[in-house]
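Single-letter residue listing:
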Amino acid sequence: MYTDLLANIAVLVLAGFVGFAVISKVPNTLHTPLMSGTNAIHGVVVLGALVVLGELPSSAPWGVKIILFVALVFGTLNVIGGFVVTDRMLGMFKSKPTPAKAGAAISADAAGKNGTA
């Protein structure tokens, strides 16, 4: 029993070190797109939590149900946040059309100030 716990803790610590090493090598310009995509992929965790919640016996302790529900809520928030960040990033690349009437009014006003009108 303690051997399994020790092995799981060792995997968790090693995954933390590997994750830190990988993320620290990512350039700043790619960090936000990478993280938004990763957050969107977090939907696999949400799906897994839903499957476990569906298969959980009714005699399961309340603590397990609460932890599972909290994990489901955090995973859902992470997925939503990933899509929001991705949408904002893609919105930065869209060109904004300039209204024709506002441009004509500005040029007419500028011509009046120059004394040419």
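Look above for the structure.
Residues numbered from 1 in each chain as written. Predicted model: local features only at pLDDT ≥ 70, side-chain atom pairs only at ≥ 80, totals over all residues. Heavy atoms only, no water.

Engineer: Would you mind showing me how to read the overall build of the chain here?
Structural biologist: Assigned secondary structure in the chain consists of five helices and zero strands. The helix and strand sequence of the chain, counted from the amino end, reads α-α-α-α-α. Buried positions account for 10% of the 117 residues belonging to the chain. Of the roughly 9,600 Å² that the chain leaves accessible, carbon and sulfur atoms contribute 74%. (Helix = DSSP H or I, 4+ residues; strand = E, 2+ residues; numbered from the N terminus. Buried < 20%, exposed > 50% of the residue type's maximum accessible area, 1.4 Å probe, protein only. Areas by Shrake-Rupley, 256 points an atom, 1.4 Å probe, with all protein chains shown as cover.)

Engineer: Which parts of the structure should I look at to understand the nonpolar core?
Structural biologist: Side chains that are nonpolar tend, in soluble globular proteins, to be buried together. Formed by Val46, Ala49, Leu68, Leu72 and Val79, the largest nonpolar core amounts to five residues. Sorting the residues of this core by element identifies helix 3 (43–55) and helix 4 (62–92) as the ones contributing at least two each. (Core = buried A, V, L, I, M, F, W, Y, C linked by side-chain atoms within 4.5 Å.)

Engineer: For this particular structure, what's the right way to read the packing of helix 3 against helix 4?
Structural biologist: At a minimum axis distance of 8 Å, the contact between helix 3 and helix 4 shows a crossing angle of 155°. Compared by their axis directions, helix 3 and helix 4 come out roughly antiparallel. Helix-helix and strand crossings are classified by hand; for helix 3 and helix 4 the assignment is left-handed. Only Leu68, Leu72, Gly75, Thr76 and Val79 of helix 4 make contact with helix 3, whose side of the interface consists of Gly43, Val46, Ala49, Leu50, Val52 and Leu53. (Axes fitted to C-alpha atoms, helices over the stretch in contact; angles between N-to-C directions. Parallel < 35°, antiparallel > 145°, perpendicular 65-115°, else oblique. Left-handed = near helix turned anticlockwise from the far one by under 90°. Contact = heavy atoms within 4.5 Å.)

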